[in-house]
Amino acid sequence: MATVHEHEENAGAEQRKAIWRTFWILLIITALEFAIAFTLHASPLKTAIFVGMTIIKAFYIVGEFMHLKHEMKSLIWTILLPCIFVVWLLLALMMEGGSIFDLR
Amino acid sequence: MSATAQPNVKNVWLGGVEPMKASYGKLMMWIFLVSDTFTFSALLVSYGLVRFSYPGYQGVVADFVSSPTYWPIPEKIFDAFPFFHGVALPLVFVGLMTFILIFSSVTMVLAVEAGHRMDRAGVEKYMLWTILGGLAFLGCQAWEWTHFIHGTDNGTVIKEIVNAEWVQRTIFGANLTENQYGPPAFADFFFFITGFHGTHVFSGVVLNFLIFYRAATGMYERRGHYEMVEKVGLYWHFVDLVWVFVFTFFYLV
């Protein structure tokens, strides 16, 4: 271990640069979300834009901050694949909520 | 860590090596976070279900008034800011909380990076900033909950049937059964989702403090690596990630 960090001095600087770049991306997307929240009227398009921006933010947090982007492929899929169940639950219960509304 | 490299192993899944190039502890933190993802998804998805089962507000957004009969517009509810009483600042406070949490995520990943270089002072410095960010977020949440529970100056007038007669009264703030901002379910989800997230932030701050203490007393330096910072860092980033989703689905949409 002691020999590894000696010549990683430059790699560290590069990593720090990537960290701050990710921070600015997250900040700018959040600022854009605010701008959209007060300029667009409520519509499916607005919701879709928000969901899309949230997924981009999630990608940067999980990929860069949690370092998942740079892990083994098998690890990436171990984490990502179970999330399919969440998408399924979301779709199923959204439809369910809509039909509860219709029946009320 | 480096003792696990075995060049002769043909099948990496037979044990003795790390097939995913991540230590046991880190892998288990990831698996735990997947299970925690399910818990938070269940809360947010059930919010979606109940939201879709209620009618939305019809009419001009500027004329919005709270009523238990339809779902509120979040930006009209969360428009208070400390020391700016009576000034409508929609979502500004939530925006501040989002900024605090993203920033504390940055200082956390900087602490991890310092750990890779065995930079003990760097780890200590950035862990302290992360702890500070976590505490600031918890303080903001305490203020927001207090405001939400106590309500606005005028409250909301509701009509209900008591002993077969229509009775009119004003309710202020919200609890689990009464809510001046909209249907009681709206307040229930507010308390459960932000409360469950706040509990995670709290335990994250406790873990971060433990890591700071152990780094400051030189435990990781003696151990030869700062991997514990990475593991707790994963948890802390997850807390930030959940807030990104809560922010979108509870406050924006």
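Residues numbered from 1 in each chain as written. Chains lettered and ligands numbered in written order. Predicted model: local features only at pLDDT ≥ 70, side-chain atom pairs only at ≥ 80, totals over all residues. Heavy atoms only, no water.

## Here we look at the confidence of the model for chain A
On average, chain A scores 87 in pLDDT, and the residues at 70 or more come to 89%. Across residues 1–6 of chain A, where pLDDT falls below 50, the model places four contacts with residues more than four positions away in sequence or in other chains. (pLDDT = per-residue confidence, 0-100. Contact = heavy atoms within 4.5 Å.)

## Comments concerning helix H4 (residues 120–150) of chain B
Across its 31 residues, H4 of chain B extends 45 Å between first and last C-alpha, which sits within 8% of the 45 Å expected from 1.5 Å per residue. Count one or two residues on from H4 of chain B and you reach Gly151 of chain B, which has phi positive near 90°. (Helix = DSSP H or I, 4+ residues; strand = E, 2+ residues; numbered from the N terminus. Expected span 1.5 Å × (residues − 1).)

## Here's the deal with the packing of helix H4 (residues 84–103) of chain A against helix H1 (residues 24–53) of chain B
Relative placement of two packed helices is described by the angle separating their axes and the distance separating the axes. H1 of chain B packs onto H4 of chain A with a crossing angle of 20° between their chain directions and a minimal axis gap of 7 Å. Considered as vectors, H4 of chain A and H1 of chain B are oriented roughly parallel to each other. The crossing of H4 of chain A and H1 of chain B is right-handed. Contacts between H4 of chain A and H1 of chain B pair Val86, Leu89, Leu90, Leu93, Met94, Glu96, Gly97, Gly98, Ile100 and Phe101 of chain A from the former with Phe38, Ser41, Ala42, Val45, Gly48, Leu49, Phe52 and Ser53 of chain B from the latter. Among the residues making up the contact of H4 of chain A with H1 of chain B, the classes are represented as 12 nonpolar, five polar and one charged. (Axes fitted to C-alpha atoms, helices over the stretch in contact; angles between N-to-C directions. Parallel < 35°, antiparallel > 145°, perpendicular 65-115°, else oblique. Left-handed = near helix turned anticlockwise from the far one by under 90°. Nonpolar A, V, L, I, M, F, W, Y, C, P; charged D, E, K, R; others polar.)

## Things to note about the packing of aromatic side chains
For the structure shown, the criterion picks out 42 aromatic pairs over all chains. Measuring from centroid to centroid gives 5.4 Å for Phe81 of chain B and Phe93 of chain B, while their planes differ by 90°, and the two rings are edge-to-face. Here Phe81 of chain B is found in the loop between helix H2 (74–77) and helix H3 (92–116), whereas its partner Phe93 of chain B is found in helix H3, with 12 residues between them in sequence. Overall, the relative accessible area of 4% leaves Phe93 of chain B in the buried class. Sitting above the plane of the Tyr54 of chain B ring, Arg104 of chain A keeps its charged end 4.8 Å from the centroid. A cation over a ring is seen here: Lys159 of chain B above Trp166 of chain B, with NZ or CZ 5.8 Å from the ring centre. (Phe/Tyr/Trp six-rings, centres within 6.5 Å; stacked < 30°, edge-to-face > 60°. Buried < 20%, exposed > 50% of the residue type's maximum accessible area, 1.4 Å probe, protein only. Lys NZ or Arg CZ within 6 Å of the ring centre and 35° of its normal.)

## As for the interface of chain B and chain A
Taken together, the contact between chain B and chain A spans 50 residues of the former and 46 residues of the latter. Buried area between chain B and chain A, summed over both chains or domains, comes out near 4,600 Å², and the portion from carbon and sulfur atoms is 80%. Joining chain B to chain A, the criterion identifies one salt bridge. Across the pair Glu113 of chain B and Arg16 of chain A runs a salt bridge, and its minimum N-O distance is 3.0 Å. Where chain B touches chain A, the interface holds four residue pairs in polar contact (both at pLDDT 80 or more). Within the residue set of the side of chain B that touches chain A, elements represented by two or more residues are H1, H3 and helix H7 (227–252) of chain B. Tallying contributions element by element places H1 of chain B first for the side of chain B that touches chain A, with 14 residues. The residue inventory of the side of chain B that touches chain A, partitioned by class, reads 34 nonpolar, 10 polar and six charged. (Buried area = accessible area lost by both parts, 1.4 Å probe. Salt bridge = Lys/Arg side-chain N within 4 Å of Asp/Glu carboxyl O. Polar contact = N/O pair within 3.5 Å; in protein donor to acceptor, adjacent residues only side chain to side chain.)

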